[in-house]
Amino acid sequence: MSTAGKMVATGICRSDDHVIAGTIVSPLPVIPGHEAAGIVESIGEGVTTVKPGDKVIPVFNPQCGKCRVCKHPESNFCLKSDLRKSKGTLVDGTTRFTCKGKPIHHLLGTSTFSQYTVVDEISVAKIDPSAPLETVCLISCGFSTGYGSAVKVAKVTKGSTCAVFGLGGVGLSAIIGCKAAGAARIIGVDINKDKFAKAKELGATECISPQDYDKPIHEVLQDMTDGGVDFSFEVIGRLDTMVSALASCHDACGVSVIVGVPPDSQNLSMNPMALLTGRTWKGALFGGFKSKDSIPKLVADFMAKKFPLDPLITNVLPFEKINEGFDLLRSGKSIRTVLTF
Ligand code: PAD
Ligand code: ZN
Ligand code: ZN
């Protein structure tokens, strides 16, 4: 039930860098890349939802449609996700890449840093053929993750106050979601002030850097917002900022969402009183969206101009310059680099 496709565009997400750094553990050697768009080249036996020539988006968080999670109305961490066991294979346990006769692993059933890839049918969504693939590839991960974290996971309410920690591609997409949900105040938090202008362009009403204050940032946010924000988002992937985002939301009615991927096998300590008083602490992959169902709708919403994607793309490079793309991400100079094939 697999599908082979030609890649047209792939974004570089921080999660790919986490794989390279080892903070996300994957069997090696592996072909990373999970935020992309392409065209179906061929299909295996039994595949019915895509056909050759279809424009598609691969999804790192599959939707088998049959498991307990897929049948649950709200959840999306499908039991077939490779993130559960990190086998680095397709669902049938095989890998479809080799180098010099040796097998190469898949990353989360996607592996988009490759001219061609093979994915399971549960890991690919057909989209509007008129959609620009070099832009909508962001719907494959970064955009949907941030946007869904606001509109679907936190369920940001009209007139509310939000704080977004981390203003990369995913954090800025959370800002777009907070704005779409009608938040009245959206406070961006980042140590790199170069990110502030774009955050404000996309809907942040204020931006602050923790390095400008001599007290903890959660106290600064509590002072600014009459005791704490309604919704906070950690979109960095650090244990300290996860705790600080939690403390930044109001102790009786705040909701805090973990979006950033924490370093592998690390635990954090927190005082349970932080929750006993009434806060909600949540997290989700892929913005809580069921991937195969939601991606075509998100692409349609983009085509209907319900949200922008172009401001998130700061660099477009040919695939050969992939290392330059990673350098731009690591030096904080890019939001999203899209590699084209
Ligand atoms: P990015 O590196 O582009 O953005 C991270 C931002 O955080 C940067 O602007 C940094 O300057 C800022 N930052 C770093 N340290 C601090 C700090 N101590 N305090 C404040 N700001 C800081 O990453 P991204 O937007 O591509 O991804 C963000 C995270 O989300 C990352 O951990 C990634 O792995 C995760 C992610 N999660 C999912 C999911 O399904 N949950 C999907 C995609 C990405
Ligand atoms: Zn990603
Ligand atoms: Zn499932």
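This text follows the structure it describes.
Everything numeric in this text was worked out from a predicted model, so none of it was measured. Residue indices follow the written sequence of each chain, beginning from 1 at its first position. For naming, the first written chain is A and the first written ligand is 1, with later ones following in the order written. For a predicted model such as this one, the threshold for reporting local features is a pLDDT of at least 70, and the threshold for listing and counting side-chain atom pairs is 80 or more; totals across whole chains, interfaces and linings nevertheless cover every residue. Based on all heavy atoms of the structure, the side-chain values leave hydrogens and waters out of the count.

**Examining the coordination of the zinc ion (ligand 2)**
Atoms are scored as donors when they are N, O or S and lie within 2.8 Å of the metal, with 3.2 Å used for Na, K and Ca; no water is included, so coordination may look incomplete. Protein ligation of the zinc ion (ligand 2) involves Cys13 (SG), His34 (NE2) and Cys141 (SG), the donor distances falling in the range 2.0 to 2.3 Å. The motif formed by the donor residues of the zinc ion (ligand 2), counted along the single chain, is C-x20-H-x106-C. In this pair, Cys13 is assigned in the loop between β1 (2–11) and α1 (14–21) and His34 in the loop between β2 (30–31) and β3 (35–43), connecting sequence segments 21 residues apart. Exposure is judged per residue with a 1.4 Å probe applied to protein chains only, and the accessible area is read against the type maximum: over 50% gives exposed, under 20% gives buried, and values in between give partly exposed. When its relative accessible area of 3% is taken as the criterion, Cys13 is described as buried. Secondary structure is summarised from DSSP: a helix means a run of H or I of at least four residues, a strand means a run of E of at least two, and numbering begins at the N terminus for each.

**As for the sheet that holds strand β6 (residues 102–106)**
DSSP calls a pair of strands paired once it identifies at least 2 bridges connecting them. An order of β2-β6-β5 is seen for the three strands of this open sheet, with the pairing classed as mixed. Only two strands of the sheet have a single partner each, and these edge strands are β2 and β5 (97–99). Here β2 runs beside β6; their pairing, made up of two bridges, is parallel. The residue of β6 that forms the bridge with Val30 is His105.

**Let's talk about empty space enclosed by the protein**
Two kinds of site are reported from a 1 Å grid over the protein atoms alone, namely cavities, where a 1.4 Å probe fits but cannot get out, and pockets, open sets with protein on both sides within 12 Å along at least five of seven lines, and residues are called lining when an atom falls within 4 Å of a point. Grid points are joined across faces, edges and corners, and a volume is the space filled by probe spheres set on the points. Overall, the coordinates contain one cavity of 30 Å³ or more when judged by the stated rule. Counted as a void, the largest cavity has a volume near 100 Å³. In terms of lining residues, the largest cavity is bounded by 14 residues, among which Gly5, Met7, Val56, Thr117 and Val124 are the most central. Of all the secondary structure elements, the ones that give two or more residues to the lining of the largest cavity are β1, β3, β4 (55–58) and β7 (116–120). Classifying every residue of the lining of the largest cavity gives nine nonpolar, four polar and one charged. When residues are sorted by character, Ala, Val, Leu, Ile, Met, Phe, Trp, Tyr, Cys and Pro go into the nonpolar class, Asp, Glu, Lys and Arg into the charged class, and all the rest, Gly among them, into the polar class.

**Details of unusual backbone geometry**
Between Leu28 and Pro29 the backbone carries a cis peptide bond, its omega angle lying at -10°. With respect to the helices, strands and loops of the structure, Pro29 is situated in the loop between α1 and β2. Even without glycine at this site, Ser86 takes up a positive phi of about 50°. Inspection of the secondary structure assignment puts Ser86 in the loop between α2 (68–71) and β5. According to the relative accessible area criterion, Ser86 is partly exposed, its value standing at 28%. Even without being glycine, Lys155 reaches a positive phi, approximately 55°. By the element assignment, Lys155 lies in the loop between α4 (142–154) and β9 (161–165). The partly exposed category is assigned to Lys155, whose relative accessible area is 44%.

**Structural notes on the coordination of the zinc ion (ligand 3)**
Distances from the zinc ion (ligand 3) to its protein donors, Cys64 (SG), Cys67 (SG), Cys70 (SG) and Cys78 (SG), fall within 2.3 to 2.4 Å. Site shape is set this way: if four donors have all angles between 85 and 135 degrees, tetrahedral; if opposite donors are over 155 degrees apart and all others between 65 and 115, square planar for four donors and octahedral for six; otherwise irregular. Geometry at the zinc ion (ligand 3) is tetrahedral, judged from the four donor atoms that bind it and their angles of 106 to 118° at the metal. Spacing between the donor residues of the zinc ion (ligand 3) along the chain follows C-x2-C-x2-C-x7-C. You can see Cys67 sitting in the loop between β4 and α2 and its partner Cys78 sitting in the loop between α2 and β5, a full 11 residues away along the chain. Residues Cys67 and Cys78 agree in their burial class; the two are buried.

**Describing the state of the cysteines**
By convention in this document, the label disulfide applies to cysteine sulfur atom pairs within 2.5 Å. All told, the structure shown has zero disulfides when counted by the stated rule. The thiol sulfur of Cys162 is not disulfide-bonded, and the nearest other cysteine sulfur, from Cys178, lies at 3.8 Å. Looking at Cys162, the relative accessible area reads 0%, which means it is buried.

**A few points about the packing of aromatic side chains**
Geometry of aromatic contacts follows a simple scheme: Phe, Tyr and Trp rings, the Trp one being its six-membered ring, pair when their centres are within 6.5 Å, and the pair is stacked under 30 degrees between planes, edge-to-face over 60, tilted otherwise. Throughout the structure, instances matching the rule amount to eight aromatic pairs. Arranged with centres 5.7 Å apart and planes meeting at 90°, the rings of Phe60 and Phe286 form a pair that is edge-to-face. Within this pair, whereas Phe60 is found in the loop between β4 and α2, its partner Phe286 is found in the loop between β14 (280–283) and α10 (291–303), the two being separated by 226 residues in sequence. Residue Phe60 is classed as buried on the basis of its relative accessible area of 8%. You can call Phe286 buried: its relative accessible area is 2%. Cluster of aromatic residues (ring-pair linked, three or more members): Phe143, Tyr147, Phe302 and Phe307.

**Regarding the nonpolar core**
If you look at soluble globular proteins, the nonpolar side chains tend to sit buried side by side. Among buried residues, the Ala, Val, Leu, Ile, Met, Phe, Trp, Tyr and Cys ones that are joined through side-chain atoms within 4.5 Å form a nonpolar core. Of all hydrophobic cores here, the largest spans 60 residues; its most connected members are Val136, Ile139 and Phe233. Mapped onto this core, the elements with two or more residues apiece are α3 (133–136), α4, β9, α5 (169–180), α6 (196–202), β12 (231–234), β13 (255–258) and α10. No other element matches the six residues that α5 contributes to this core. Residue contacts for Val136: discarding those within four places in its chain leaves Ile57, Ile127, Ala131, Val299, Phe302 and Leu309. Listed in part, the 12 residues of the second largest apolar core include Ile12, Ile104, Phe113 and Phe319. Contacts: residue pairs with any heavy atoms within 4.5 Å of one another.

**Considerations on the sheet that holds β13**
Hydrogen bonds between backbone groups are what pair the strands of a sheet, and the pairing can be parallel or antiparallel. Strands sit in the order β11-β10-β9-β12-β13-β14 across an open sheet of six strands; the sheet is parallel. Both edges of this open sheet fall to β11 (206–208) and β14, since each of them pairs with a single strand only. Each adjacent strand pair in this sheet contributes to an overall mean axis angle of 20°, direction not counted. Bridge analysis of β12 against β13 gives four bridges, and the strand direction is parallel. Between N-to-C directions, angles span 0 to 180 degrees; the directions come from axes that are lines fitted to C-alpha atoms, helices contributing only their stretch in contact.

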